[in-house]
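In case you want the letters, here they are:
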Amino acid sequence: MATVTAMDTARRWTMLALGVFAQSSSAVLVHGTAFLLPALTQRGMSLATAGLLVAMPMVGLVCTLIAWGWIVDHVGERKALVAGPALMFAAGAAAAAVTNYIALGALLLLAGAGAGSTNGASGRVIVGWFPPDQRGLAMGIRQTAQPLGVAVGALTIPAVAAAHGFSAAVLVPAVMAGAAAIGCLFGIVDPPRPESTGGAGRPVNPYRGDSTLWRIHGVSILLVIPQATIWTFGLLWLHRDVGMSLATAGALITAAQILGAGGRIGAGIWSDRVGSRLRPLRTVAMAAVISMSALAVAAWAHQWWAAVPILIGASVITVADNGLAFTAVAEIAGPYWSGRGLGIQNTGQNLAAAVIAPAFGALITAAGFPIAYLLAALMALAAVPLVPSGSR
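Residues numbered from 1 in each chain as written. Predicted model: local features only at pLDDT ≥ 70, side-chain atom pairs only at ≥ 80, totals over all residues. Heavy atoms only, no water.

A.B. asks: So what exactly am I meant to see when it comes to the overall build of the protein here?
C.D. replies: When helices and strands are counted, the protein shows 17 helices and 0 strands. Taking 392 residues into account, the globule formula puts the C-alpha radius of gyration at 21 Å, and the protein, at 21 Å, falls close to it. Projecting the C-alpha coordinates of the protein onto the three principal axes gives extents of approximately 60 × 50 × 35 Å. The 392 residues of the protein split such that 53% are buried. For the protein, the share of sequence-separated contacts (at least 6 apart) that also reach a separation of at least 24 residues comes to 82%. As presented, the protein carries roughly 15900 Å² of accessible surface, and 70% of it is formed by carbon and sulfur atoms. (Helix = DSSP H or I, 4+ residues; strand = E, 2+ residues; numbered from the N terminus. Rg over C-alpha atoms; globule rule 2.2 N^0.38 Å. Buried < 20%, exposed > 50% of the residue type's maximum accessible area, 1.4 Å probe, protein only. Contact = heavy atoms within 4.5 Å. Areas by Shrake-Rupley, 256 points an atom, 1.4 Å probe, with all protein chains shown as cover.)

A.B. asks: I keep staring at the domain arrangement of the protein and nothing clicks. Help me out?
C.D. replies: The accessible area lost on association of the parts is a frequent measure of interface size. Splitting the protein by domain gives domain 1 (9-187) and domain 2 (211-386). The gap between the C-alpha centroids of domain 1 and domain 2 is 22 Å. In total, about 2300 Å² of surface goes out of reach between domain 1 and domain 2, with carbon and sulfur atoms giving 65% of it. Across the domain 1-domain 2 interface, the total number found is 2 salt bridges. Remark: the boundary between domain 1 and domain 2 carries 7 residue pairs in polar contact (both at pLDDT 80 or more). (Domains from an automatic or database assignment. Buried area = accessible area lost by both parts, 1.4 Å probe. Salt bridge = Lys/Arg side-chain N within 4 Å of Asp/Glu carboxyl O. Polar contact = N/O pair within 3.5 Å; in protein donor to acceptor, adjacent residues only side chain to side chain.)

A.B. asks: Sorry if this is basic, but what is going on with helix 7 (residues 117-129) here?
C.D. replies: Every α-helical turn comprises 3.6 residues, leaving residues that sit three or four positions apart pointing alike. Given a rise of 1.5 Å per residue, 13 residues ought to cover 18 Å, and the 18 Å separating the end C-alpha atoms of helix 7 matches this to within 8%. Burial analysis of helix 7 places 13 of its 13 residues in the buried class, the great majority of the element. (Expected span 1.5 Å × (residues − 1).)

A.B. asks: Can you help me understand the pattern of salt bridges in this one?
C.D. replies: Two side chains carrying opposite charge are able to pair once their charged atoms lie near each other. Inspection of every chain in the model, using the stated rule, returns 6 salt bridges. For Arg135, the salt bridge identified is with Glu331, shortest N-O distance 3.1 Å. Of this pair, Arg135 sits in helix 8 (residues 132-142) while Glu331 is found in helix 15 (residues 321-333), placing the two residues 196 residues apart along the sequence. The burial state of Arg135 is the same as that of Glu331; both residues are buried. When salt bridges with common partners are traced through the structure, they connect Arg135, Asp272, Arg277 and Glu331 into a single cluster.

A.B. asks: Mind showing me how you'd approach the nonpolar core here?
C.D. replies: Across soluble globular proteins, nonpolar side chains have a tendency to be buried as a group. By size, the foremost hydrophobic cluster in this structure holds 35 residues, and its most contacted members are Leu16, Ile126, Ile216, Val219, Leu223, Leu278 and Leu281. At the level of elements, helix 1 (9-32), helix 7, helix 8, helix 11 (212-242), helix 13 (278-300), helix 15 and helix 17 (369-383) are the ones that each hand at least two residues to this core. Element by element, the count of residues in this core is highest for helix 15, at 7 residues. Residues contacting Leu16, with those up to four places away along its chain left out, are Ile126, Phe130, Ala138, Ile141 and Arg142. Core analysis: the next-biggest nonpolar cluster, separate from the first, contains 28 residues, Ala296, Ala307, Val308 and Ala377 among them. (Core = buried A, V, L, I, M, F, W, Y, C linked by side-chain atoms within 4.5 Å.)

A.B. asks: Is there a simple way to think about helix 16 (residues 338-367) in this case?
C.D. replies: Along its 30 residues, helix 16 runs 41 Å from first to last C-alpha, staying within 8% of the 44 Å computed at 1.5 Å per residue. A bend of about 35° at Ile356 is the largest found in helix 16, and the proline Pro358 appears one to four places after it. Of the residues one or two after helix 16, Gly368 is the one with positive phi, at around 100°. (Bend = angle between axes of the 7 residues up to and from the residue.)

A.B. asks: How do you make sense of the environment of Ser24 when you look at a structure like this?
C.D. replies: Tracing the backbone shows Ser24 in helix 1. Measuring from C-alpha to C-alpha, the distance between Ser24 and Ala115 comes to 9.8 Å, with 91 residues separating the pair along the chain. Once residues lying within four places of it in the same chain are set aside, the contact partners of Ser24 are Ala145, Leu148, Gly149 and Met176.

A.B. asks: Sorry if this is basic, but what is going on with the packing of aromatic side chains here?
C.D. replies: Centre-to-centre distance and the angle between the planes together describe a pair of aromatic rings. The final tally for this structure, using the stated rule, is 6 aromatic pairs. Each ring, one from Tyr207 and one from Trp214, has its centre 4.7 Å from the other, and the planes form 55°; the classification is tilted. When its relative accessible area of 47% is taken as the criterion, Trp214 is described as partly exposed. Connected via pairs of aromatic rings, a cluster forms that spans Trp237, Trp304, Phe369 and Tyr373. (Phe/Tyr/Trp six-rings, centres within 6.5 Å; stacked < 30°, edge-to-face > 60°.)

What follows is the structure in structure tokens.
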């Protein structure tokens, strides 16, 4: 078995690229199906039913993240990165061929279950093959997979659906997943694992007798609230309160997404330089408090000249913690528990993000956007003292 030091640098970065591509294909499926809403409603389906249908991949993802983490820990990263995208391809291709909506929902749920494989497995490959002083950068690049996947879905799925129909649009993430499965089959090598230090050959449970990982999970759940608030309601706020056209507001949100992807990479490089994931994580949490509080004040005072730049800044700041926490969980959990640790991490964040739309939607209806932004700032404030102390 190859060692980390012996692994060719080009091969290491090739595996990172494959992991990003696999994760992007999952993001196109899970988040891109929302772009099928116009095609579904044009078929005569109610918006509520269509919304339930396009949510099926997310349901499948959340229900299987921890199970896929167990598979990564016990079977290996390469097999997970091949099996999951292969399941996405098979279920997606079948979904493109059915006409019954119940069958379509079941197949999208199954495809979402396959998408859950890429989260922990791609992270484990990075932590396993990259040395500590490069992991932050590598994981920051890996964290760009979600906005890249959303961008690909936004650019392709509505256009394909309009030109070639609903079935062809469903094939977009399916074909990407099939290509990812083939690439990972030939390009991924499971990283080496040290001998277990647990009794009777069993790996030590990092959750037992230590609150560090639970605290990081809690921090990430709290910090995903301001992130999801901006992602979910930023466009509506710019259009309804600020008065921007939908096209201009959409372009602004897209630019903020791109800047946010760069911010994730920058946060990873920062953590490599200072030799810590947790110290930058605490600073990012404090910056989220400041930026969301400033956004609440500017929105309340109707100072749009300040509120719009603050929104862009908050969009970058509130996503910068993702890679830091993800890397910290993988490093602290170790090679025998990081799959499950990353599964727990993503499950908590996705469940919290799913609550934002209905809960904050009701809050905005009752009290307005400034109160929602202020509550998001308070959630970030609660995360600051929860960040564990420690270095690498």
